[in-house]
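# Working through the structure, step by step
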Amino acid sequence: MPTARPRAGLTFAALASLTLVAGCERPVGCTGEYCGTMVIASGGEPDILLPPVSEFSITRDVTDQLFLKLADLGASGNTIGDEDFQPQLAQRWEWDTPTTLVFHLDPRARWQDGQAVTAADVAFTYDAYTDTLVKSSFRSSLRQVAAVTTRDSLTVVFRFRQRYPEMFYDAVYHLRILPAHLLREVPRDQWRSAAFGRAPVGDGPYRFVVWKAGESIELAADSTFFLGRPHLRRVIWRFTPDQQGAVTQLITGDADAVEVLVTPDNVQRARADTALATYPYKGSAYGYVGFNLAAPGDSTKPHPLFGDRDLRRALVMATDRERVLRNVFGDLAKVPPGPLSQVWWIWDPEIRELPYDSGQAARLLTRTGWTDSDGDGIRDKDGRPLAFRLLLPTTSAVRRQYARLLQEQFRIAGVEVQLDEVDFSLYNERARAGRFDALLNVWNTDPTPSSGFPQTWTPAGFGRSNYGRYDNPEVDRLVDQAVASAANRDQARRAWRAAVETLNRDAPGIFLFATSNVAAVHKRIADVTIRPDSWLALLRTWRIPADRLTDRDRVER
Amino acid sequence: MAAWLVRRLVASMAIVFAVVTITFFVVHLAHGKPCGSDDRPLPPEICQALCRRFGCDKPLLEQYGKYLAALARGDLGESIGLHRPVADALADAIPNTFTLALAALLIDFALGLALGIYQAVRAGRFGDVAVGNVALLVNSMPVFWLGLVLLLVFAQWLRWFPAGGITNPILCPRLDSPYCLLDFLWHLTLPALTLGLVGAASTARYQRAAMLEVVRQDYVRTARAKGLREQRVLLVHALRNALLPIITLFGLAFPFLFTGAVLIETVFAWPGMGRLAVNAIFQRDYPVVTGAALLTSAMVVLGNLIADALYAVADPRIRVRGGEGGP
């Protein structure tokens with residue numbers, strides 16, 4: 001056709017000019033130290049920007065820029081006592097009595113609508129977090145606080161029920177102070193759908209600009225912020241369906257930072273990109289195979305297999321955790337010495353645990369009557385094969401990979417494992433109801449073991465997070481001692497270590513991995529410091545030096 | 001024609017109602033409760049309290065009755081996971097999905113028709129065979145896989161197009177200038193191409209077959225015998241009749257586009273209804289799933305209705321029969 005060639009040429013030209021025009025930058029203006037713009041690619045989107053009613057870590061990342069705490073964790077991550085905490089909204093504090101903590105608010109603090117931040121806001125916030133109508137999942141973290149009252153407009157008093165090492169942490173870490181004058185009229189049972197949560201007014205270093213559902217959230221620096229003007233003038237979160245998509249956006253230059261690169265392959269890609277810098281930091285997650293010690297669906301009876309401590313110990317010893325971990329994570333995780341995340345200060349590689357010893361595992365199984373009597377490769381006892389089902393969610397690629405590798409390791413030991421891969425909602429429901437033999441679970445932990453550990457490994461967590469119904473009074477006693485009565489950090493550490501070693505001897509699970517994270521940030525961004533419990537906690541100090549600004553940073557609109 | 005239209009509208013509403021009913025029962029009967037995410041599951045007492053608030057502890061028929069009553073008032077309910085009215089969430093997502101589907105539809109039919117005609121004109125020759133094989137290859141590809149390939153090649157390797165999203169969030173927070181409109185089209189290109197290419201491959205095959213059938217007809221031979229230029233014979237005389245099967249294909253394209261959009265929106269981080277629905281399914285956000293099913297089925301049914309109407313416009317024989325009782 002004689003006309004075909006010109007038409008094709010025209011189409012190409014149109015496409016090329018479209019690409020060219022779209023690729024161009026707008027006129028630029030901003031110069032100096034406070035012009036930076038950072039785009040963060042995120043594998044999830046907040047549900048609502050109201051801290052008490054959201055459980056997502058991405059929500060916390062955003063709201064931590066909008067709302068201040070009274071004080072925040074220091075770089076050491078020490079949660080015991082108050083000496084390592086940094087003032088935020090509170091200028092200073094003192095202990096009136098061993099159970100009475102007095103905060104003095106910084107008089108310079110202002111809500112972004114111009115109103116002063118007062119002690120009444122703090123009392124209001126505590127009241128909201130603990131109100132059953134609000135249904136905050138942080139309520140239980142404040143159970144030791146008996147009351148919060150105001151002494152004057154800038155002085156607020158916390159009264160505790162008893163004295164314990166992490167009183168200060170409990171008082172400050174979970175509470176993001178909220179503006180009473182803007183939220184008082186919102187009915188408490190409607191906070192989860194409050195309009196405020198989609199256009200919040202805070203007192204932090206950044207103010208809310210826009211939230212485009214499914215696309216992005218933009219914050220702008222508050223140039224009058226009383227603790228110092230943030231260097232990056234704009235921070236934008238771009239939402240992708242998953243973390244892999246976020247990494248792709250980083251590699252293609254559509255974003256400047258991602259929280260975690262997830263796989264060794266992504267780390268390699270990021271390190272190969274000369275524009276990116278990588279920042280390793282301790283992860284707050286640990287993963288394990290949890291055995292159900294009770295019969296599935298009937299917690300009054302022991303599990304026909306995992307009620308037997310020797311069998312559990314044999315399975316732990318039959319698992320080459322280091323090898324599986326290298327396969328899945330490379331060097332992006334460590335084998336934990338118990339149910340511990342790396343951010344916990346009680347992490348100690350010297351904690352005693354059951355070794356990988358396939359010979360000893362085989363002998364133990366044989367001694368307890370599990371032999372391969374019919375030569376089919378699977379051990380059996382009284383005509384019953386040594387087989388169980390492993391529950392895991394389809395949403396986790398890591399766990400699916402782990403499950404297959406474990407299945408093979410157990411097969412070599414003469415144990416048959418069938419995988420129950422279900423979507424997360426069903427996984428969660430079955431885990432809570434105890435309808436499983438074993439599960440492959442992951443916990444994202446707080447900076448301290450004090451609340452998470454008891455909820456997961458003592459009877460306090462029955463019906464909640466202790467899915468396998470593990471119960472050893474000796475562990476409970478040691479945990480109580482570590483949480484409530486240890487007078488100092490060393491004493492607490494010893495109690496924790498004893499508790500974990502006792503638990504390891506019981507083998508209620510196979511502790512597989514504790515994540516090590518690697519964040520990637522564009523090299524033009526300087527002074528990047530990451531606090532492991534909250535990677536953007538120190539965002540206010542990140543900056544782009546004037547000589548590294550790109551047109552994207554300078555653009556005005 | 002009016003009677004036919006009324007009958008079709010009633011039938012369409014019945015179909016949408018059936019889809020909503022089936023979706024409602026399927027999502028509610030599926031195991032799992034709306035209890036947070038893999039990231040941080042909600043504590044059981046909060047999960048139960050939320051369930052009570054959204055009525056999922058009530059008997060299913062009672063929930064269904066309440067849902068229908070609210071629906072009759074135009075209330076799609078409140079999203080459990082997004083903490084906002086379902087109507088608002090859908091209103092944000094629909095324009096994006098609709099734009100994507102429309103752009104894909106344009107690519108599908110413009111490219112598909114052109115290739116089909118080209119193949120028919122060169123039937124049996126190299127061009128026909130080459131285009132046919134490429135079309136078959138593209139048609140055999142899963143749409144999400146093709147999306148990933150285009151993403152890898154054009155976004156990651158060549159960096160000609162963005163890796164996802166709908167606009168550049170720094171330069172274009174709003175579509176308020178010609179520049180930002182171009183930026184939007186730039187972001188739209190890869191997802192629309194992915195969906196459009198797979199559709200075009202199929203359309204081209206149909207169009208080729210239809211054209212080959214028509215060009216053998218007597219009236220086409222007559223047109224050529226009259227000395228008309230080949231271009232006019234093909235594009236004016238043959239094409240109109242060869243379009244009839246394509247109109248059927250137009251109706252069928254809507255379900256493909258909306259199901260394809262579910263995958264493509266996920267691959268390209270396109271904030272449309274597909275992504276919204278997928279997230280809602282994983283989080284057991286019943287009101288959003290049911291609302292998305294309601295709207296998607298309504299759009300598919302409407303697309304089919306338009307296809308039937310176009311059929312009547314394109315084929316006078318149908319118009320005559322339509323007057324007697326409908327197509």
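Predicted, not measured: the structure shown is a model, and the values here were computed from it.

A word on the overall build of chain B. The helix and strand inventory of chain B stands at 13 helices and zero strands. On the principal axes, the C-alpha backbone points of chain B span a range of 80 × 55 × 40 Å. Scored against the burial criterion, the 327 residues of chain B give a buried share of 43%. A separation of at least 24 residues holds for 72% of the contacts in chain B among residues at least 6 apart in sequence.

For chain A, the helix and strand inventory stands at 16 helices and 21 strands. Against the compact-globule benchmark of 24 Å for 557 residues, chain A has a radius of gyration of 27 Å, which places it among compact chains. Taken along the three principal axes of its C-alpha coordinates, chain A extends 90 × 80 × 40 Å. Out of the 557 residues belonging to chain A, those deemed buried represent 49%. Of the contacts formed within chain A by residues at least 6 apart in sequence, a portion of 68% connects residues at least 24 apart.

Attention now goes to unusual backbone geometry. All names here are of chain A. In this structure, Ala-507 takes a positive phi of about 50° despite not being glycine. Along the chain, Ala-507 falls in the loop between α15 (489–506) and β21 (509–522). Residue classification places Ala-507 among the buried residues on the basis of 22 C-beta atoms within 10 Å. The backbone of Asp-527 shows a phi angle near 55°, a positive value even though the residue is not glycine. When the 11 C-beta atoms within 10 Å are taken as the criterion, Asp-527 is described as exposed.

As a further point, take the packing of helix α4 (residues 86–121) of chain B against helix α10 (residues 244–267) of chain B. Residue and element names in this part refer to chain B. For the pair α4 and α10, interaxial distance at closest approach is 10 Å and the crossing angle is 135°. Viewed along their axes, α4 and α10 adopt a mutual orientation that is oblique. You can see that α4 and α10 cross each other, and the crossing is right-handed. The residues of α10 that touch α4, namely those facing Thr-97, Leu-100, Ala-101, Ala-104, Leu-105, Asp-108 and Leu-113, are Ile-246, Ala-253, Leu-257, Phe-258 and Ala-261. For the contact of α4 with α10, a count of residues per class yields ten nonpolar, one polar and one charged.

So, on to helix α11 (residues 397–412) of chain A. All names here are of chain A. With 16 residues, α11 extends 23 Å between its outermost C-alpha atoms, agreeing within 8% with the 22 Å of an ideal straight helix rising 1.5 Å per residue. Three or more residues of α11 are buried, namely Val-398, Arg-399, Tyr-402, Ala-403, Leu-406 and Phe-410. Buried residues of α11 fall within an arc of 125° about the axis and therefore sit on the same side. Looking at α11, the residues exposed on the side facing more than 90 degrees away from the buried face are Glu-408 and Ile-412. Packed against the buried residues of α11 are β12 (276–291), α9 (321–329), β18 (387–393), β19 (416–422), β20 (438–444) and β21. Of the residues flanking the end of α11, it is Gly-414, one or two places downstream, whose phi is positive at about 85°.

With that settled, the discussion passes to the confidence of the model for chain B. Residues and elements named next belong to chain B. Chain-level pLDDT for chain B is 85 on average; 94% of the residues reach the 70-or-more range. Taken together, the stretch residues 322–327 has pLDDT below 50 and engages in 13 contacts with residues farther than four places along the chain or on a different chain. This prediction of the complex comes with two scores: 0.85 for pTM and 0.78 for ipTM.

Another aspect to go through is the sheet that holds strand β6 (residues 145–152) of chain A. Residue and element names in this part refer to chain A. Strand order in the open sheet made by the four strands is β4-β5-β7-β6, with antiparallel pairing throughout. The open sheet is flanked by β4 (90–97) and β6, the only strands paired with a single partner. Sheet twist, expressed as the average angle between the axes of neighbouring strands with direction ignored, equals 20°. Note: β4 against strand β5 (residues 100–105), six bridges, orientation antiparallel. Pairing of Trp-95 across the sheet is with Leu-101, part of β5. Relative to the sheet, helix α3 (residues 119–130) contacts β5, β6 and β7 (155–160), its axis offset from that of β6 by approximately 165°.

On to the interface of chain B and chain A, then. Taken together, the 49 residues of chain B in the interface contact 52 residues of chain A. Among the secondary structure elements, those contributing two or more residues to the side of chain B that touches chain A are α2 (44–53), α4, α6 (143–157), α7 (178–215) and α11 (273–282) of chain B. Looking at the side of chain B that touches chain A element by element, the count peaks at five residues for α7(B). Split into classes, the residues belonging to the side of chain B that touches chain A amount to 27 nonpolar, eleven polar and eleven charged.

Here B:Asp88 lies in helix α4. Through-space distance from the C-alpha of B:Asp88 to that of B:Glu78 is 9.2 Å; in sequence the pair is ten residues apart.

Residues and elements named next belong to chain A. Taken together, the six bridges between β6 and β7 define a ladder with antiparallel strand orientation. Opposite Thr-149, over in β7, you have Val-157 as the bridge partner. Between β6 and β7, which pair antiparallel and follow one another directly, the connecting turn spans two residues.

The biggest cluster of nonpolar side chains holds 234 residues, and the ones touching the most others in it are A:Val258, A:Leu390, A:Ala520, B:Leu257 and B:Ala292. Considering every element that reaches this core, the biggest residue donor is α7(B), with 15 residues. Discounting residues that sit within four places of it in the chain, B:Ala292 has contacts with B:Leu90, B:Met273, B:Leu276, B:Ala277 and B:Ala280.

Another aspect to go through is the pairing of strand β14 (residues 298–302) of chain A. All names here are of chain A. Among the five residues that make up β14, zero are buried, leaving the element largely open to the surroundings. Here strand β13 (residues 294–295) pairs with β14 via two bridges, running antiparallel. Bridge pairing in β14 places Ala-294 opposite Pro-302. Hairpin remark: β13 followed by β14, antiparallel, with two residues in the connecting loop; positive phi at Gly-297, about 85°.

Here we come to the confidence of the model for chain A. Residues and elements named next belong to chain A. With 94% of its residues at a pLDDT of at least 70, chain A reaches an overall mean of 91. The weakest mean pLDDT in chain A belongs to helix α1 (residues 4–23) at 48; the strongest belongs to β5 at 98. A low-confidence stretch, residues 1–12 stays under pLDDT 50, and its non-local contacts, those more than four residues away or across chains, total zero contacts.

Now for the environment of A:Arg184. Residue and element names in this part refer to chain A. With respect to the helices and strands, the residue Arg-184 is situated in the loop between α5 (180–183) and β8 (206–212). Accessibility expressed as a C-beta count within 10 Å gives 11 for Arg-184, which makes it exposed. Separated by 63 residues in sequence, Arg-184 and Asp-121 place their C-alpha atoms 9.9 Å apart.

Further remarks concern helix α13 (residues 449–457) of chain A. Within α13(A), seven of the nine residues are buried, leaving the element largely enclosed by the surrounding structure. Among the residues of α13(A), A:Pro449, A:Ser450, A:Gly452, A:Phe453, A:Pro454, A:Thr456 and A:Trp457 are the ones counted as buried.

Calculation notes
Residues numbered from 1 in each chain as written. Chains lettered and ligands numbered in written order. Predicted model: local features only at pLDDT ≥ 70, side-chain atom pairs only at ≥ 80, totals over all residues. Helix = DSSP H or I, 4+ residues; strand = E, 2+ residues; numbered from the N terminus. Buried ≥ 20, exposed ≤ 12 C-beta atoms within 10 Å, placed from the backbone. Contact = placed C-beta atoms within 7 Å. Rg over C-alpha atoms; globule rule 2.2 N^0.38 Å. Axes fitted to C-alpha atoms, helices over the stretch in contact; angles between N-to-C directions. Parallel < 35°, antiparallel > 145°, perpendicular 65-115°, else oblique. Left-handed = near helix turned anticlockwise from the far one by under 90°. Nonpolar A, V, L, I, M, F, W, Y, C, P; charged D, E, K, R; others polar. Expected span 1.5 Å × (residues − 1). Arc of directions from axis to C-beta. pLDDT = per-residue confidence, 0-100. Pairing = 2+ DSSP bridges. Core = buried A, V, L, I, M, F, W, Y, C linked by C-beta atoms within 7 Å.

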